[in-house]
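Descriptive analysis of the structure
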Amino acid sequence: MAELPDPVVYAVPAFILLLIVEMLISLRRDRSRYEARDTLTSLMLGTGSQVAGAAVGAVVVGLAFWAYQYRLFDIGIDFRRWWWAWILCFLLDDLAYYVFHRAAHRVRWFWASHVIHHSSQHYNLSTALRQTWTGFFSLTFLFRLPLFLIGFPPAMVFFCGGLNLIYQFWIHTEAIGRMPKWFEAVMNTPSHHRVHHGVNPRYLDANYAGVFIVWDKMFGSFVPERDDEPVRYGIVKQLGSFNILWAAVHEWVGIAKDVWAAPWRHKLSYLWREPGWSHDGSRMTSDMIRDRWRAGRAAEEAAE
């Protein structure tokens, strides 16, 4: 089986250069875009994610090849002959990412790993480096298994996944406003992804795309950024700490406490229901927050 290099490794110098450029731009335009402790936390969380990924990498690869032996089709990796398979793999991998990403916001078990990426109240290129330490534990690799079962070689899938990750780096910025309309219509952009990181009720749980925003438009999860409503970043209940370990595991701790304290018939619901769900209605999910906001707006408009 052919092996391919990890494209992310080769992109790291560009990541560092772009991060420095954005910092210099923020010094001239808006110093509040960067905060030293927040940036350091993001960098350390990114480093920890790489260590965690390396620790379980062999297991993930082994699972990929285990699934691949049950493939439906034999798809080659030679680009000259199988160029169409590379394009199809990239598209389907991005769709698999969309499904994972949507699940990561709608199922608390997956959210416990993903929340680390949303825990910063700042939005800059260092935020892109805030990646999970516990993705393997939450079984997020399962979302790519269908690609191996179809017949895409693991090396091809992992390479396409790396390209997807590289693309997503540059969209974590406020330094870029809007891209050309034709680009905004098809591709994920800084404007679209700012919405995804927003805690404004209007913006909650939207724009899950990795590369192609068309998935959100197809499946009803697209929300455009509005000039009259600046995005507020972070999570609904802000982390309130720069402690790296707490940022990585705080939601798992919350799940454990909830499962322990809940009545038996509700324990599993704290794993598979949406973040913010509670059996006694004492908390609010994103849907509840958005519905309350919409009701408030409707009341204001009726009173005018």
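Residues numbered from 1 in each chain as written. Predicted model: local features only at pLDDT ≥ 70, side-chain atom pairs only at ≥ 80, totals over all residues. Heavy atoms only, no water.

**Observations concerning the overall build of the protein chain**
Rule in force here: Only DSSP runs of H or I with at least four residues qualify as helices, and only runs of E with at least two residues qualify as strands; both kinds are numbered from the N terminus onward. Radius of gyration here is computed from C-alpha atoms only, and the compact-globule reference equals 2.2 Å multiplied by the residue count raised to the power 0.38. Summary of the burial criterion: residues with accessible area below 20% of their type's maximum are buried, those above 50% are exposed, and those between are partly exposed, where the area comes from a 1.4 Å probe applied to protein chains only. Between two residues, a contact is recorded if the distance between any of their heavy atoms is within 4.5 Å.
A count of helices and strands for the protein chain gives twelve helices and zero strands. Overall, the protein chain shows an N-to-C arrangement of helices and strands of α-α-α-α-α-α-α-α-α-α-α-α. Over its C-alpha trace the protein chain gives a radius of gyration of 20 Å, about what one expects of a compact globule, namely 19 Å for 304 residues. For the protein chain, the C-alpha atoms occupy an extent of roughly 65 × 55 × 40 Å along the three principal directions. Here the protein chain, with 304 residues, has 47% of them falling under the buried criterion. Long-range contacts, defined here as pairs at least 24 residues apart, represent 71% of the contacts in the protein chain between residues at least 6 apart.

**Remarks on the domain arrangement of the protein chain**
For interface size, the figure often reported is the accessible area lost on association. Here is the rule: Here the bounds of each domain stem from an automatic or database domain assignment. Here's the idea: put two parts together, see how much 1.4 Å probe accessible area each one loses, and the total over both is what we call buried area. The rule for a salt bridge is simple: a side-chain nitrogen of Lys or Arg has to be within 4 Å of a carboxyl oxygen of Asp or Glu. The term polar contact refers here to a pair of N or O atoms within 3.5 Å; inside protein, the definition further demands a hydrogen-donor-capable atom paired with an acceptor-capable atom, and it admits residues adjacent in sequence only when both atoms are side-chain atoms.
Split into domains, the protein chain comes out as domain 1 (7–219) and domain 2 (244–303). Taken together, the 21 residues of domain 1 in the interface contact 23 residues of domain 2. Buried area between domain 1 and domain 2, summed over both chains or domains, comes out near 2,100 Å², and the portion from carbon and sulfur atoms is 66%. When the buried surface of domain 1 facing domain 2 is broken down by residue, Arg106, Arg108 and Pro201 rank first, second and third, together holding 35% of it. At the boundary of domain 1 and domain 2, one finds three salt bridges. Where Arg108 meets Glu251, a salt bridge forms, and the shortest distance between an N and an O atom there is 2.7 Å. At the boundary of domain 1 and domain 2, one finds nine residue pairs in polar contact (both at pLDDT 80 or more). Residue assignment for the side of domain 1 that touches domain 2 shows that the elements contributing at least two residues are α2 (36–68), α3 (79–106) and α4 (108–118).

**Topic: the pattern of salt bridges**
Under the counting rule described, the total for this entry stands at 18 salt bridges. The partner of Arg202 in a salt bridge is Glu229, and the shortest N-O contact between them spans 2.6 Å. Note that Arg202 is positioned in the loop between α8 (190–196) and α9 (214–219) and Glu229 in the loop between α9 and α10 (244–261), a separation of 27 residues in sequence. Comparing Arg202 with Glu229, the two get one shared label, buried. Two residues, Asp287 and Arg290, come together in a salt bridge whose shortest N-O distance is 2.5 Å. In this pair, Asp287 and Arg290 both sit in helix α12 (residues 286–303), three residues apart, roughly one turn of the helix. On the accessibility criterion, Asp287 (27% relative accessible area) is partly exposed. Overlapping salt bridges bring together Arg106, Asp205, Asp287 and Arg290 as one network.

**Considering α10**
Basically, it comes down to this: To estimate the expected span of a helix, count its residues, drop one, and scale the result by 1.5 Å.
With 18 residues, α10 extends 26 Å between its outermost C-alpha atoms, agreeing within 8% with the 26 Å of an ideal straight helix rising 1.5 Å per residue. Tucked into the core, α10 has its buried residues touching α2, α4 and α11 (269–272). Looking at where α10 begins, the residue whose side-chain oxygen comes 3.1 Å from the main-chain nitrogen of Leu245 is Asn243.

**Points about the UniProt feature "domain: Fatty acid hydroxylase" (unreviewed entry) in the protein chain**
What counts, and what does not: UniProt positions are given in the numbering used here, feature names are shortened, and annotations may be inferred rather than shown by experiment.
Residues annotated in UniProt with the feature "domain: Fatty acid hydroxylase" (unreviewed entry) correspond here to residues 86–221. With 54% helix and 0% strand, residues 86–221 has end C-alpha atoms that lie 27 Å from one another.

**Let's talk about the UniProt feature "transmembrane region" (unreviewed entry) in the protein chain**
Those residues carrying the UniProt feature "transmembrane region" (unreviewed entry) are residues 7–27, 48–70 and 82–100 in this numbering. In the segment residues 7–27, helix accounts for 100% and strand for 0%; the C-alpha atoms at its two ends are 31 Å apart.

**Here we look at a nonpolar patch on the surface**
Inclusion rule: What goes into a patch is any residue over 30% in relative accessible area without a salt bridge, connected to like charges within 9 Å or, for nonpolar side chains (Val, Leu, Ile, Met, Phe, Trp, Tyr), within 5 Å. Here the Shrake-Rupley method, with its probe set to 1.4 Å, supplies the accessible areas, and only the displayed protein chains count as covering residues.
A cluster of nonpolar side chains, namely Phe79, Trp83, Trp84, Ile87, Leu88 and Leu91, defines an oily patch on the protein surface of about 580 Å² accessible area. Its location among the elements puts Phe79 in helix α3.

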